[in-house]
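# Tertiary structure, described
This is what each chain is made of:
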Amino acid sequence: MDNYVLAQDRARQAFLRRNHDGFATRPGISGNTEEITFRFLGTKTTVGLKTGEIAFQWENKIWKADYSEAFSVYDWLCDSKPQATASGEFCPAHGLPGVYVAGSGLSMSPKCLAEAADQEPGLFSRACEALGGRRLYLGDMAYEIPVVPGLTMVLKFYHRDEEFPPSMTILWDKNTLEFVRYETIYYIAGALCQRLELAMSCL
């Protein structure tokens, strides 16, 4: 069996061993004894409390969580700090408190979303807004995107010029690591990329 499938199943089993009584009382989550619902990256998300299965719905599209999506959701549900609160201040990944990594933060490839945003900025804007994004006036274009209830992230984009290709950078709330672990932010970034590509193909 694929290692990712095994890891996802281990995470699901760990989730099922948790006490689920408090989930439905957390802000932004509703549910009953069978399942809970909330929004992850602007997408309706349902988690079965007896099976651990995670399903997403956006418009008429319904799909089950892949490894990155499942790990992100389980991490937030099971390991976020009880009093996690967003700061409203944003920074690149390497600027998060307690993180020491080389580089300039988490960027997306110009061949992915940055290229698409450069070629069709209006479509990219509509896709961000379809996921609940709020326009910010940073760079050439920026959106604040909801991640999970109470937490947002920022996409900052620059068009290509004579010297540089288009670029897109993710900025994280300074308190993000109160909600999820550091490695999880990379899974979240990948899931956001998938959702924006889906939204752009449907609009």
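Quick look at the structure, then. Values in this document were obtained by computation on a predicted structure and should not be read as measured data.

## Some remarks on the side chain of Asp75
Relative to the helices and strands, Asp75 resides in helix H2 (residues 67–79). Separated by 2.9 Å, the side chain of Asp75 and the backbone nitrogen of Arg181 make a polar contact. Contact partners of Asp75, with chain neighbours within four places excluded, come to Ser80, Phe179, Val180, Arg181 and Thr184.

## What about the sheet that holds strand S1 (residues 30–31)?
The strand order S1-S2-S3-S4-S5 describes an open sheet built from five strands, whose pairing is antiparallel. Strand pairing shows two members of the sheet lacking a second neighbour, S1 and strand S5 (61–64), which therefore form its edges. In the sheet, S1 pairs with strand S2 (residues 35–40) via two bridges, with the strands oriented antiparallel. Paired with Ser30 across the bridge in S2 is Thr37.

## Some words on the packing of aromatic side chains
Enumeration over the complete set of coordinates arrives at ten aromatic pairs. Ring centres 4.9 Å apart and planes at 70° place the aromatic pair Tyr4 and Tyr67 in the edge-to-face group. You can see Tyr4 sitting in helix H1 (residues 3–17) and its partner Tyr67 sitting in helix H2, a full 63 residues away along the chain. Tyr4 gets classed as exposed once you look at its relative accessible area, which sits at 52%. Residue classification places Tyr67 among the buried residues on the basis of a relative accessible area of 15%. Considering the side-chain rings of Phe71 and Tyr187, the 5.5 Å spacing of their centres and the 80° angle between planes classify their relative orientation as edge-to-face. With Phe71 in helix H2 and Tyr187 in helix H5 (residues 184–202), the pair connects residues that are 116 residues apart, well separated along the chain. Above the face of the Trp76 ring, Arg26 is positioned so that its terminal group lies 4.9 Å from the ring centre. Here the guanidinium or amino end of Arg195 rests over the ring plane of Phe56, the centre of that ring lying 4.6 Å away.

## Side note on the side chain of Glu144
Structurally, Glu144 is set in strand S9 (residues 141–148). The exposure class assigned to Glu144 is buried, which follows from its relative accessible area of 14%. Separated by 2.4 Å, the side chains of Glu144 and Arg134 make a polar contact. Here Thr152 takes part through its side chain, which lies 2.7 Å from a polar atom of the side chain of Glu144. The residues touching Glu144, leaving out its near neighbours within four places in the chain, are Phe90, Gly132, Gly133, Arg134, Leu136, Thr152, Met153 and Val154.

How each quantity is defined
- Residues numbered from 1 in each chain as written.
- Predicted model: local features only at pLDDT ≥ 70, side-chain atom pairs only at ≥ 80, totals over all residues.
- Heavy atoms only, no water.
- Helix = DSSP H or I, 4+ residues; strand = E, 2+ residues; numbered from the N terminus.
- Polar contact = N/O pair within 3.5 Å; in protein donor to acceptor, adjacent residues only side chain to side chain.
- Contact = heavy atoms within 4.5 Å.
- Pairing = 2+ DSSP bridges.
- Phe/Tyr/Trp six-rings, centres within 6.5 Å; stacked < 30°, edge-to-face > 60°.
- Buried < 20%, exposed > 50% of the residue type's maximum accessible area, 1.4 Å probe, protein only.
- Lys NZ or Arg CZ within 6 Å of the ring centre and 35° of its normal.

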